[in-house]
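Remarks on the overall topology
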Amino acid sequence: RRGVPAAMPWQTLDHGDNDIVPLDLPSERDLGPLDGILGASAARTEALFGHLAGGASDAEIESKAFPDCRYISCKRLGLSFRLRSGRVDVAFLYSEGADGFSAYIAGP
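Residues numbered from 1 in each chain as written. Predicted model: local features only at pLDDT ≥ 70, side-chain atom pairs only at ≥ 80, totals over all residues. Heavy atoms only, no water.

On inspection of all chains with the given rule, the structure shows four aromatic pairs. Taking 5.4 Å as the distance between ring centres and 45° as the angle between the ring planes, the aromatic pair formed by Phe49 and Phe81 counts as tilted. Of this pair, Phe49 sits in helix α1 (residues 42-52) while Phe81 sits in strand β5 (residues 79-84), and the two are 32 residues apart along the sequence. Given the relative accessible area of 0%, Phe49 is considered buried. You can call Phe81 buried: its relative accessible area is 0%. Pairwise contacts between aromatic rings join Phe66, Tyr71 and Phe92 into one cluster. (Phe/Tyr/Trp six-rings, centres within 6.5 Å; stacked < 30°, edge-to-face > 60°. Helix = DSSP H or I, 4+ residues; strand = E, 2+ residues; numbered from the N terminus. Buried < 20%, exposed > 50% of the residue type's maximum accessible area, 1.4 Å probe, protein only.)

Everything listed here is a matter of geometry and, on its own, says nothing about what the molecule does.
Structure (structure tokens):
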């Protein structure tokens, strides 16, 4: 791997010599309305859902609590967040029909 750290995500490109190069992953600043959501509180997460839904009453925000975490989801928006210790640590972006979710759409 020619001296590149092992923790780097990899992709093989077929240029005849099987080069291995790091993937270009988006930084958090490229996440649009989800910018800064990691580490957010439950209240901020619910406010984000309200903002993304444009205040629509059919946004139906669901919350499920488990002993070690909580999930806050909006199937219409195609989004779900897991919270541990009261803060978002994972964002799930769904495709159409997955677990009854609509597709998450980033942008107009």
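We are not done yet, so read on.
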